Amino acid sequence: MNDTKPKILVFSTEKISDPAIDLAGLLKMHYPSSVYTVTVPCSSSIKPRWIMHAFEVGFDGVFIAADGTDCPYSETCTENTSEIVRQTQEIMRQKGLETARLKMAAICSVCSEAFVRQIKNFYDFLINQKQQENA
Amino acid sequence: MKIGVYICHCGSNIADHVNIEEVRKAIQEQTDAYVVKDVMFACSDSSQKEIVEDIKTKGLDAIVVASCSPKLHLPTFREVARRGGLNPYKYIQVNIREQCSWAHSDDKKGATNKAIRLIKAGIEKARFSEALDPIKIDAVNAVAVVGAGIAGLRAAIELADMGTYVYLIEREYFIGGRVTQWNELFTTNQTGREIITKLYHQLISYKNITLFTGAEIVETSGSVGNMQIKVRIKPRYVKPDCVFDLDKFEKAIEVCPVEVEDEFNFGLTKRKAIYKNYPGEFPEVPAIDFDHCTKCGECLKVCEGIDLEQKEEFLSLNVGAILLATGFDPYEPKQGEYGYGQVNNVITLQQFKRLIELCPDELVYNGHKVRSIAYIYCVGSRQQNGPNRYCSRYCCTAAMHTALLVKEKYTDVRNFHFTRGIRTYGKQEHIYHEALEQGDVVFQSFNDPLCEVEEQDGKPVVKINDFLTRGKPIELETDLVVLITGMVPRKNNTIAQLLKVPVGRDHFFNEIHLKLRPVETVIDGVFISGASQGPKNIMESVNSALAAASKANNLVKKGFISIEPTIAFVDTDKCQWCGKCLEICPFDAFEKVEEGGKQVARVITSLCKGCGMCLPVCPEDALQLHNYTDEQIESMIDDLIRA
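Residues numbered from 1 in each chain as written. Chains lettered and ligands numbered in written order. Predicted model: local features only at pLDDT ≥ 70, side-chain atom pairs only at ≥ 80, totals over all residues. Heavy atoms only, no water.

**Focus: the overall build of chain A**
Selection criterion: Numbered from the N terminus, helices here are DSSP runs of H or I no shorter than four residues, and strands are runs of E no shorter than two. Between buried and exposed lies partly exposed: a residue is buried under 20% and exposed over 50% of the maximum accessible area for its type, with that area taken using a 1.4 Å probe on protein chains only. Every residue pair with non-hydrogen atoms within 4.5 Å of one another is taken to be in contact. Charge counting follows a simple rule: Lys and Arg are positive, Asp and Glu are negative, and His as well as the terminal groups are ignored. We put the charge of a Lys on NZ, of an Arg on CZ, of an Asp on CG and of a Glu on CD.
From N to C terminus, chain A includes four helices and four strands. Its helices and strands taken in sequence order, chain A reads β-α-β-α-β-α-β-α from the N to the C terminus. The burial tally for chain A puts 61% of its 135 residues in the buried class. A separation of at least 24 residues holds for 79% of the contacts in chain A among residues at least 6 apart in sequence. Each charge class in chain A can be summarised by its mean position, and for the 14 positive and 16 negative side chains these summaries are 5 Å apart.

What follows is the structure in structure tokens.
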């Protein structure tokens, strides 16, 4: 976490959270430009190794824009994604990484405001982290 | 590997906020892309031909188009790839519009930098992309049409005519929606009820339409092609098998002691708890509004067809798609807005249209004969300081047409129009001229509020600084003020929340693309039509309903839908068969097989839906998803961070 502008990797989902992120753009709801999205079919498909890879190459935060209860594939999606977060945070702990750098929130297909709010809060949190590290 | 990259300006949509020239140079200098071009509109015919030509002549192995959301043009460019001889899955779309230029229109440098990184990541995805063939899944040739107003009725008939089974689901007890509330309509002067009656008779002639009234979708599950919907049906409190005796039901209405405000007449009159909105309404049997019924039993004494013990029912239906035609609500002015609710004799256009029908010989309101009417336009629309910035489109025409009808019906009435500029577009311009020729007076202002309404001696007085007479202050005492109120989205719109249909800045349903995909939503298999999508007149509502019906039919009629072939696959060298993939898979898409002397998992391709839930649970990391492989995702992440 060396640059001043935190870089956030967002895992979004094709059918649910990606439309919300598109909608945020359509509505010109601004958020930091150092937020990058990689789309996956479902938030339960995200491998911990992908998240850890993002931290290893220099992302300051990873945000999972989860399907939540709107998942078109399974009603257990929320639990599955939470388990992925839990497992990844365990690895983060072992590697001495702050677990709060991984965040998950359910973002429905129309939750553009929620997405922008969550991302801005997460961004601010990461800025504080950077400042503390540099202090 | 030869990769072609095409960066779209999207007119000024992308180019205004992203420095395309800088992006093109960066991609040329920092990547091994074989072709790098910027194009004004990648989706234009000429650009598509150019890409096809490049694939053929330069022997490209994969292409990347950096443009809008894949929700809009993924199928377009996959087809371009196919025309060039490439497998469509060797095409990657990078979204530098919704998720870059528009989201960061406040930060051109940041947006440009982000676009470069996104395209680089797209190139990496393309590098590891695989040639795939689509998978076909069964689709139910049935569509749930929600709303039996004019759009829903027309869509249902069209779908049935094309051979699709239709469940027409209407929340109210009667069909026809708003159109039944209007009498003569422009251009033909047919009444709304005549049109609805005609459609109803057409509707019941189709055996492949089932109509539910008093019904609402309360649960949905499944996905496009095979959606399960649960429908709650409110009781009508009329025995379904009773012999319909109109006289007895009319008697029941007569003896009902309960009187409530009649929503059909926008509160101008009262109705009973057992009611029909108008004679000849469909379905013909009345319904009992149980929210207000006191169960006194008076109706039972005169009509044996009534059953007050009925309970609500739930039905489970299977459909391939859902078509929404849920209509609009008229804008309800705030207390005091142009005198509404505070000054005597101020009503809305919708109330006025009902009033005209309720006054057959003489126009009377509040016990007084109406001789002069002031029409105040754009109430709740084109707001300069409110949330409704949009034009409601239908109201100028509806107001002018109503003013003509008033003069024709009552002869001794004078009309005064207070406008922001009349928008009777297209053929509707005729009635504007007709109104002027018959002596209607038009004032205009661009102020907000447009004019002021005060009460003097119990009568409304309208004050305006008239733009047409160089801002001259004008005061007009009138008998009645009619507020020309526009359209707003339905207040009670639970279906939208249930299906998570996106709404736009105007809070109406949002289509994928206004011009190119105007009735499709980002929710696969959910189509929108009529005024649920935004203000429309009847003709425009029917146009969109027919378009939505056609798209829905096209989706489900074949009995199958092609879905993404991005399914899971197993690295059998790593797999040790632990069964965890089968355990988590919602579709039981794994089986245990013998291979190379050991037990391994095998994906049942006909069952796998490509959700990828199995990927993170494999302890050996033996599972991957086609076109979402570790190689692809991790190389994308690398390029997103690399400066």
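**As for the overall build of chain B**
Where we set the bar: Areas reported here follow the Shrake-Rupley algorithm with a probe of radius 1.4 Å; residue values treat only the protein chains shown as occluding.
Each helix and strand counted, chain B has 16 helices and 34 strands in total. Principal axes of the C-alpha set define a box for chain B whose edges measure 90 × 70 × 35 Å. Buried positions account for 57% of the 643 residues belonging to chain B. When contacts within chain B are restricted to residue pairs at least 6 apart in sequence, long-range pairs at least 24 apart make up 69% of them. As displayed, chain B has an accessible area near 27,600 Å², and 49% of this comes from carbon and sulfur atoms.

**Looking at the side chain of B:Asn493**
Residues and elements named next belong to chain B. Structurally, the position occupied by Asn493 is in the loop between strand E28 (487-489) and helix H13 (494-499). The exposure class assigned to Asn493 is buried, which follows from its relative accessible area of 13%. Here Asn493 is in contact with Thr326 and Phe509, once residues within four sequence places are set aside.

**Quick word on the packing of aromatic side chains**
The test is simple: Stacked, edge-to-face and tilted labels apply to pairs of Phe, Tyr and Trp rings (six-membered ring for Trp) whose centres lie within 6.5 Å, assigned for plane angles under 30 degrees, over 60, and everything in between, in that order.
By the definition in use, this model includes 20 aromatic pairs over all chains. Between A:Phe63 and A:Phe115, the aromatic rings sit 6.2 Å apart at their centres with planes inclined by 75°, giving edge-to-face as the arrangement. Of this pair, A:Phe63 sits in strand E3 (residues 61-66) while A:Phe115 sits in helix H4 (residues 112-134), and the two are 52 residues apart along the sequence. Accessibility classification places A:Phe63 together with A:Phe115 in one group, the buried group. Seen in terms of ring centroids, B:Tyr200 and B:Phe282 are 4.1 Å apart; in terms of plane orientation they differ by 15°. Their pairing is stacked.

**Details of the nonpolar core**
Heads up, the condition is: What makes a nonpolar core is a set of buried Ala, Val, Leu, Ile, Met, Phe, Trp, Tyr and Cys residues whose side-chain atoms join them at distances within 4.5 Å. Throughout, the edges of the domains are those of an automatic or database domain assignment.
Counting residues in each nonpolar core, the largest one holds 94 residues, and the members touching the most others are A:Phe11, B:Ile96 and B:Ile119. No other element matches helix H5 (residues 108-127) of chain B, which puts eight residues into this core. Residue assignment places this core across two domains, with domain 1 (3-132) and domain 5 (567-625) of chain B each supplying three or more. Not counting residues up to four positions away in its chain, the partners in contact with B:Ile119 are B:Val5, B:Ile7, B:Val23, B:Ile27, B:Ala66, B:Val94 and B:Ile96. Formed by 58 residues, the second largest nonpolar core is a distinct cluster that contains B:Ile373, B:Ala398, B:Val413 and B:Ala531.

**Here's the deal with the packing of helix H6 (residues 150-161) of chain B against helix H14 (residues 538-556) of chain B**
All names here are of chain B. The condition is simple: Axis definition: a line fitted to C-alpha atoms, limited for helices to the stretch in contact. Angles are taken between N-to-C directions and run from 0 to 180 degrees. Each crossing gets its hand from how the near helix is turned against the far one by less than a right angle, where anticlockwise is left-handed and clockwise is right-handed. All amino acids are sorted into three groups, where Ala, Val, Leu, Ile, Met, Phe, Trp, Tyr, Cys and Pro are nonpolar, Asp, Glu, Lys and Arg are charged, and the leftover types, Gly among them, are polar.
Two numbers describe how H6 lies on H14: the axes approach to 8 Å, and their chain directions differ by 35°. Judged by the sense of rotation from one axis to the other, the crossing of H6 with H14 is right-handed. Contact with H6, carried on its side by Ile150, Ala151, Arg154, Ala155, Glu158 and Leu159, involves Ile538, Ser541, Val542, Ala545, Leu546, Ala549, Ala552 and Asn553 of H14 and no other residues of that element. Tallied by class, the residues present in the contact of H6 with H14 amount to 10 nonpolar, two polar and two charged.

**Notes on the interface of chain B and chain A**
Operational definition: Note on terms: buried area is the combined drop in 1.4 Å-probe accessible area of two parts once they are placed together, counting the loss on both. Any Lys or Arg side-chain nitrogen located within 4 Å of an Asp or Glu carboxyl oxygen qualifies as a salt bridge.
On the side of chain A, 51 residues touch chain B, which itself brings 49 residues to the contact. Here chain B and chain A share an interface that buries about 4,200 Å² over both sides, 61% of which is from carbon and sulfur atoms. Between A:Lys47 and B:Asp621 there is a salt bridge whose closest N-O contact spans 2.7 Å. At eight residues, the largest contribution of residues to the side of chain B that touches chain A is made by helix H16 (residues 630-641) of chain B.

**Points about H4(A)**
Residue and element names in this part refer to chain A. Under the convention used in this document: By this rule, a helix spans an expected 1.5 Å times one less than how many residues it contains.
For H4, spanning 23 residues, the distance from its first C-alpha to its last is 33 Å, which sits close to the expected 33 Å at 1.5 Å a residue. All buried positions along H4 are accounted for by Ser112, Ala114, Phe115, Val116, Ile119, Phe122, Tyr123, Leu126, Gln129 and Lys130. Where H4 is buried, its residues meet strand E1 (8-13), helix H1 (17-26), strand E2 (35-40), E3 and strand E4 (102-106).

**Structural notes on the sheet that holds strand E9 (residues 215-223) of chain B**
All names here are of chain B. Note the following rule: Here, strands pair whenever DSSP counts at least two bridges between them.
Taken in spatial order, the three strands of this open sheet run E9-E10-E15, and their pairing is antiparallel. Sheet topology places E9 and strand E15 (313-319) at the edges, where each strand pairs with a single neighbour. Across this sheet, the average inter-strand angle for adjacent strands is 20°, counted without regard to direction. Looking at chain direction, strand E10 (residues 226-233) and E15 are connected through seven bridges and run antiparallel. Opposite Ile229, over in E15, you have Leu317 as the bridge partner.

**Re the sheet that holds strand E7 (residues 165-169) of chain B**
Residue and element names in this part refer to chain B. The strand order across the open sheet formed by five strands is E8-E7-E6-E16-E29, and the pairing between neighbours is parallel. Each having just a single partner strand, strand E8 (209-212) and strand E29 (526-528) make up the two edges of the open sheet. Between one strand and the next, the sheet's axes are offset by a mean angle of 20°, whatever the strand orientation. Where E7 and E8 come together, four bridges link them in parallel fashion. Bridge assignment links Tyr167 to a residue of E8, and that residue is Thr210. Along the sheet, H6 contacts strand E6 (142-146), E7, E8 and strand E16 (321-324); its crossing angle with E7, the most-contacted strand, is approximately 165°. Sheet strands touched by H14: E6, E16 and E29. Its angle to E29, the strand with the most contacts, is close to 165°.

**Structural notes on unusual backbone geometry**
Residues and elements named next belong to chain B. Here the amide bond leading from Phe186 into Thr187 is cis, since omega sits at 10°, within 30 degrees of zero. If you trace the backbone, Thr187 turns up in the loop between E7 and helix H7 (192-204). Residue Pro283 is reached from Phe282 by a cis peptide bond, and omega for that bond is -15°. Take Pro283: it is sitting in the loop between strand E13 (274-275) and strand E14 (287-288). One non-glycine residue, Lys295, lies in the positive phi region at around 55°. Inspection of the secondary structure puts Lys295 in the loop between E14 and helix H9 (298-302). At Cys378, a residue that is not glycine, the phi angle is positive and equals roughly 60°. Along the chain, Cys378 turns up in strand E21 (residues 372-379). Residue classification places Cys378 among the buried positions, given a relative accessible area of 10%.

**Topic: the state of the cysteines**
Each disulfide consists of a covalent bond between the sulfur atoms of two cysteine residues. The test is simple: A pair of sulfur atoms, both from cysteines and within 2.5 Å, is called a disulfide here.
Applying the stated criterion across every chain yields a total of one disulfide over all chains. Between the sulfur atoms of A:Cys108 and its disulfide mate A:Cys111 the distance is 2.2 Å. Taking the sign of the S-S torsion, 95° for the link of A:Cys108 and A:Cys111, the bridge is right-handed. Note on A:Cys108: relative accessible area 9%, which makes it buried. Left unpaired, A:Cys77 is separated from the closest cysteine sulfur, that of A:Cys71, by 3.7 Å. Classification of A:Cys77 by relative accessible area gives buried; the value is 0%. We note that B:Cys256 lacks a disulfide partner, and the nearest cysteine sulfur, in B:Cys296, lies 6.2 Å from it.

**Describing the pattern of salt bridges**
Tallied over the entire structure, the rule returns 47 salt bridges over all chains. Each of the salt bridges in this network shares a partner with another, and the network as a whole consists of A:Lys47, A:Arg49, B:Asp621, B:Asp630 and B:Glu634.

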